[in-house]
Amino acid sequence: DIQMTQSPSSLSASVGDRVTITCRASQSVIGYLNWYQQKPGKAPKLLIYAASSLQSGVPSRFSGSGSGTDFTLTISSLQPEDFATYYCQQSFSSPRGTFGGGTKVEIK
Amino acid sequence: EVQLVESGGGLVQPGGSLRLSCTASGFTFSSYAMTWVRQAPGKGLNWVSAISGSGESLYYADSVKGRFTISRDKSKNTLYLQMNSLRAEDTAVYYCAKWGRNYGDPVDFWGQGTLVTVSS
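Cut-offs and rules
Residues numbered from 1 in each chain as written. Chains lettered and ligands numbered in written order. Predicted model: local features only at pLDDT ≥ 70, side-chain atom pairs only at ≥ 80, totals over all residues. Heavy atoms only, no water. Pairing = 2+ DSSP bridges. Helix = DSSP H or I, 4+ residues; strand = E, 2+ residues; numbered from the N terminus. Axes fitted to C-alpha atoms, helices over the stretch in contact; angles between N-to-C directions. Salt bridge = Lys/Arg side-chain N within 4 Å of Asp/Glu carboxyl O. Buried < 20%, exposed > 50% of the residue type's maximum accessible area, 1.4 Å probe, protein only.

## Concerning the sheet that holds strand 3 (residues 19–25) of chain A
All names here are of chain A.
Right, so step 1: Taken together, 4 strands build an open sheet; the order of strands is 1-3-8-7 and the sheet is antiparallel. The open sheet has two free edges, formed respectively by strand 1 (4–7) and strand 7 (62–67), since each of these has just one partner strand. Across the sheet, the mean angle separating the axes of adjacent strands is 20 degrees when strand polarity is ignored.

Following this line, the structure appears as structure tokens:
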């Protein structure tokens, strides 16, 4: 099975900061990498698919990059509503789709 | 509008069984692979099981293989997860979710989740 590793597991940031989260796959997933946002008590929400494509309705301050085994989610200017936990997921082996361990973005 | 509504969660004793249901609407159910993802309290997301649109191909995480069975009923637009021999470590919110249409597409819609608690 493909293992997904996210870093950091948590971070503290201020409104307006640029935030970067990384995700590494145990083998190449080409570009089949997705990012989700989850707020407490809510289901995950798709932000980015195919490594860099923005899901409809998601603000343009979110962006994704990478290919192969190394990927990045960037929030260009953190907003109050962005404090949440972020997960990467590979869909290379869909419909098996393993997730990273998550990155909790907290208010500094 | 796509909707996924889970039901069937609750409190069950270790070794017991439970069947989760997920009723789908707003899309052609039989055209999409479906999946169950769980989240233990305070923990991350874990993929549990998936089923192809036709229902012919089934997939399981090693942690549930032999104990859980995924199925779907096209006539009822419903996805199921039969969970047997439940353990304390199966305690989690279970989400039903829909894969995109094509290979490599993301999981693009999630239900609200149903809580399963395994405890004596």
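## Some remarks on the pattern of salt bridges
Right, so step 1: Enumeration according to the criterion identifies 8 salt bridges over all chains in this entry.
Right, so step 2: Linking Arg61(A) and Asp82(A) is a salt bridge whose minimum nitrogen-to-oxygen distance equals 2.8 Å. Here Asp82(A) lies in the loop between strand 8 (70–75) and strand 9 (85–90) and Arg61(A) lies in the loop between strand 6 (53–54) and strand 7, a separation of 21 residues in the sequence. Each member of the pair, Arg61(A) as well as Asp82(A), carries the same accessibility label: buried.
Right, so step 3: For the salt bridge of Asp108(B) with Lys98(B), the shortest nitrogen-to-oxygen distance reads 3.0 Å. In this pair, Asp108(B) is assigned in strand 10 (residues 107–110) and Lys98(B) in strand 9 (residues 92–99), connecting sequence segments 10 residues apart.
Right, so step 4: Asp108(B) sits in the partly exposed class, given a relative accessible area of 29%.
Right, so step 5: When salt bridges that share partners are traced, they join Arg61(A), Glu81(A) and Asp82(A) into one network.

By themselves these figures say nothing about function.
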